[in-house]
Amino acid sequence: MSLKNKLSFFTPDLENSKELPYFSGGIKAGFPSPAADFDGTKISLDKVLVKNFEATFYAKADGSSMTGAGIDDGDIMVIDRSLEPRDGKIAVCVIDGEFTVKRIKIEKDYILLMPENSAFQPIKVIEDNKLIVWGIVTYVIKAV
């Protein structure tokens, strides 16, 4: 079995976390509203996106198997290793020594690692496979 997804891993650098200006009033995505000055609120994305600093890491997605879930090639995923794998969650897994990111589907007698792109086939995890769930994807950071 050959998995094409490769991941590059990073850990949060909390000691050098930067707070940037944050417009807390929201910005309309419909009709424009009068411009307002920033209200002085600041935000650190590390502090917003990371709930458990000791168990969280980032990984860069490589490939297109999860595009239907909003995870595109080059996106940065926030992954929490302290969360329990459950049916329907998107997980970073190691199966037979190779990394992949897929949605977990728990069946009665087996587990499926489901892609979110019809060009890819589900991976049926059977007794002979070695599966390790590294963590659960909690956020995706995208470039536009």
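First, a word on scope: everything that follows refers to the structure included in this document. (Residues numbered from 1 in each chain as written. Predicted model: local features only at pLDDT ≥ 70, side-chain atom pairs only at ≥ 80, totals over all residues. Heavy atoms only, no water.)

Some details on the environment of Lys60
Line of reasoning, step 1. With respect to the element layout, Lys60 can be found in strand 4 (residues 56-60).
Line of reasoning, step 2. Taking the C-alpha atoms as reference points, Lys60 and Ile141, 81 residues apart in sequence, are found 9.4 Å from one another. (Helix = DSSP H or I, 4+ residues; strand = E, 2+ residues; numbered from the N terminus.)

Overview of the nonpolar core
Line of reasoning, step 1. Core analysis: the largest hydrophobic core is formed by eleven residues, namely Phe57, Ala59, Ala61, Met66, Ile71, Met77, Ile79, Ile90, Val92, Val101 and Val137.
Line of reasoning, step 2. One finds Ile95, Ile104, Leu113 and Ile123 within the second-largest nonpolar core, a separate group that totals eight residues. (Core = buried A, V, L, I, M, F, W, Y, C linked by side-chain atoms within 4.5 Å. Buried < 20%, exposed > 50% of the residue type's maximum accessible area, 1.4 Å probe, protein only.)

Concerning the pairing of strand 8 (residues 111-114)
The side chains of a regular strand alternate between the sheet's two faces.
Line of reasoning, step 1. Bridge count between strand 7 (residues 98-106) and strand 8: four bridges; the pairing is antiparallel. Paired with Lys105 across the bridge in strand 8 is Leu112. (Pairing = 2+ DSSP bridges.)

Side note on the packing of aromatic side chains
Line of reasoning, step 1. Under the criterion given, the structure shown has two aromatic pairs.
Line of reasoning, step 2. Between Phe57 and Trp134, the aromatic rings sit 6.0 Å apart at their centres with planes inclined by 85°, giving edge-to-face as the arrangement. A residue pair is termed long-range when its members are at least 10 positions apart, and Phe57 in strand 4 and Trp134 in strand 10 (residues 131-141) qualify at 77 residues.
Line of reasoning, step 3. The class of Phe57 is buried, set by a relative accessible area of 7%.
Line of reasoning, step 4. Taking the relative accessible area as the measure of exposure, Trp134 reaches 26% and is therefore partly exposed.
Line of reasoning, step 5. For the pair Phe99 and Trp134, a centre-to-centre distance of 4.8 Å together with 85° between the ring planes defines the contact as edge-to-face. Residue Phe99 is located in strand 7, and its partner Trp134 is located in strand 10; the two are separated by 35 residues in the primary sequence.
Line of reasoning, step 6. Here Phe99 falls in the partly exposed class, since its relative accessible area comes to 23%.
Line of reasoning, step 7. Linked through ring pairs, Phe57, Phe99 and Trp134 together constitute an aromatic cluster.
Line of reasoning, step 8. If you follow Arg81 out to its NZ or CZ, it ends over the ring of Trp134, 4.7 Å from the centre.
Line of reasoning, step 9. Over the aromatic face of Tyr110 sits the side chain of Lys124, whose NZ or CZ is 4.3 Å from the ring centroid. (Phe/Tyr/Trp six-rings, centres within 6.5 Å; stacked < 30°, edge-to-face > 60°. Lys NZ or Arg CZ within 6 Å of the ring centre and 35° of its normal.)

Description of the pattern of salt bridges
Line of reasoning, step 1. Per the counting criterion, the structure on display carries four salt bridges.
Line of reasoning, step 2. We note a salt bridge from Lys142 to Asp72, for which the minimum N-O separation is 2.8 Å. Highlighted residues: Lys142 in the segment after strand 10 and Asp72 in the loop between strand 4 and strand 5 (76-80), separated in sequence by 70 residues.
Line of reasoning, step 3. Arg103 is the salt-bridge partner of Glu116, the closest N and O atoms lying 2.6 Å from each other. Here the residue Glu116 occupies a position in the loop between strand 8 and strand 9 (123-125), and Arg103 occupies one in strand 7, the gap between them amounting to 13 residues.
Line of reasoning, step 4. Arg103 sits in the partly exposed class, given a relative accessible area of 25%.
Line of reasoning, step 5. Via salt bridges that share partners, Asp72, Asp75 and Lys142 belong to a single interconnected network. (Salt bridge = Lys/Arg side-chain N within 4 Å of Asp/Glu carboxyl O.)

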